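Examining the three-dimensional arrangement
Here is how the chains run, residue by residue.
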Amino acid sequence: MPAQDPPIADDLAVLYVEHSTWLHGWLRKRVGDTFAAADLAQDTFLSLLDGKAATAEIRKPRPFLATVAGRLLAHRRRRQLLETAYLEALACLPEEVAPSPETRLMALESLQQIDRALDGLPPKVREAFLLAHLVELSYAEIAERLGTSTSSVKQYLTKANRVCMFALTV
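All values derive from a computational prediction rather than experimental measurement.

Some remarks on helix 6 (residues 139–146)
Of all the positions in helix 6, only Ile 142, Ala 143 and Leu 146 are classed as buried. Taken down its axis, helix 6 places every buried residue within 100 degrees of arc, on the same side. Exposed residues pointing more than 90 degrees away from the buried face of helix 6 are listed as Glu 144 and Arg 145. At the C-terminal side of helix 6, Gly 147 shows a positive phi close to 70 degrees.

In structure tokens, the structure reads:
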């Protein structure tokens, strides 16, 4: 007896056939690049393969797919901003102290690892980390922006720093 595909794969195949063209067009309008839109559309459907989303139970597929794709697009933009900021900072360095291309690549890969690690954190924890390390705000300033206490900010940063350090050692 041949093995049957799991129901989630069947449901995902139907979802893909019925909505992939629409999703690609939706993304193309937002990114202005058909190839990047195709990559993001594929990533959207791939993210559903983990089985956590019961695709058969999705009542409004297009808003659901737009939400998933929008999150992936936001993550992509954030990574691009991070990379651009890093490269701009490097461009300001005198040539004799600028890192080698290999060192630059390793640093970019580390930034991407940190970005992925931060992506798994609650929004306030991630925001506290970014405000502390990129904007260089004090605990009090971060607490004011987040509408929380400085002790909560300290807990957020401890958690975020731990997660990022672990991401870089793996």
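Notes on the layout of surface pockets
For the largest pocket, the calculated volume is near 300 Å³. Lining the largest pocket we find 13 residues, and of these Leu 82, Leu 111, Phe 129, Leu 130 and Leu 134 sit closest to its centre. Top contributing element to the lining of the largest pocket by residue count: helix 3 (residues 61–91), with 5 residues.

Thoughts on the environment of Thr 169
Position of Thr 169 relative to the elements: it lies in helix 7 (residues 150–169). We classify Thr 169 as exposed; its relative accessible area is 61%. Thr 169 sits 109 residues away from Lys 60 along the chain, and the two C-alpha atoms are 41 Å apart. From its side chain, Thr 169 meets the backbone oxygen of Phe 166 in a polar contact 2.9 Å long.

Some points on the pattern of salt bridges
Any two side chains of opposite charge can pair, given that their charged atoms come close. For the coordinates displayed, the defined rule picks out 3 salt bridges. Where Asp 119 meets Arg 78, a salt bridge forms, and the shortest distance between an N and an O atom there is 3.7 Å. Taken as a pair, Asp 119 in helix 4 (residues 101–119) and Arg 78 in helix 3 lie far apart in primary sequence, 41 residues in all. The class of Arg 78 is partly exposed, set by a relative accessible area of 22%. Between Arg 79 and Asp 115 there is a salt bridge, with its nearest N and O atoms 3.8 Å apart. On the criterion of sequence distance, the pair formed by Arg 79 in helix 3 and Asp 115 in helix 4 is long-range, its members being 36 residues apart. For Arg 79, a relative accessible area of 34% puts it in the partly exposed group. Judged by relative accessible area, Asp 115 falls into the buried class, the value being 4%. Each of the salt bridges in this network shares a partner with another, and the network as a whole consists of Arg 78, Arg 79, Asp 115 and Asp 119.

Considerations on the environment of Thr 44
When you line up the elements, Thr 44 lands in helix 2 (residues 34–47). A relative accessible area of 0% places Thr 44 in the buried class. Spatially, the C-alpha atom of Thr 44 lies 5.4 Å from that of Ala 69, the residues being 25 residues apart in sequence. Dropping the residues within four chain positions of it, Thr 44 is found in contact with Leu 23, Leu 65, Val 68, Ala 69 and Leu 72. Here Leu 40 takes part through its backbone oxygen, which lies 2.8 Å from a polar atom of the side chain of Thr 44.

Observations regarding the nonpolar core
Judged by nonpolar contacts, the single largest core of 17 residues is most densely connected at Leu 118, Ala 128, Phe 129, Ile 142, Leu 157 and Ala 160. For this core, the elements supplying multiple residues, two or more each, are helix 4, helix 5 (123–133), helix 6 and helix 7. Discounting residues that sit within four places of it in the chain, Leu 157 has contacts with Ala 128, Phe 129, Ala 132 and Tyr 139.

Conventions used here
Residues numbered from 1 in each chain as written. Predicted model: local features only at pLDDT ≥ 70, side-chain atom pairs only at ≥ 80, totals over all residues. Heavy atoms only, no water. Buried < 20%, exposed > 50% of the residue type's maximum accessible area, 1.4 Å probe, protein only. Helix = DSSP H or I, 4+ residues; strand = E, 2+ residues; numbered from the N terminus. Arc of directions from axis to C-beta. 1 Å grid on protein atoms, 1.4 Å probe; cavity = no way out; pocket = protein on both sides within 12 Å on 5 of 7 lines; lining within 4 Å. Points joined across faces, edges and corners; volume = space filled by probe spheres on them. Polar contact = N/O pair within 3.5 Å; in protein donor to acceptor, adjacent residues only side chain to side chain. Salt bridge = Lys/Arg side-chain N within 4 Å of Asp/Glu carboxyl O. Contact = heavy atoms within 4.5 Å. Core = buried A, V, L, I, M, F, W, Y, C linked by side-chain atoms within 4.5 Å.

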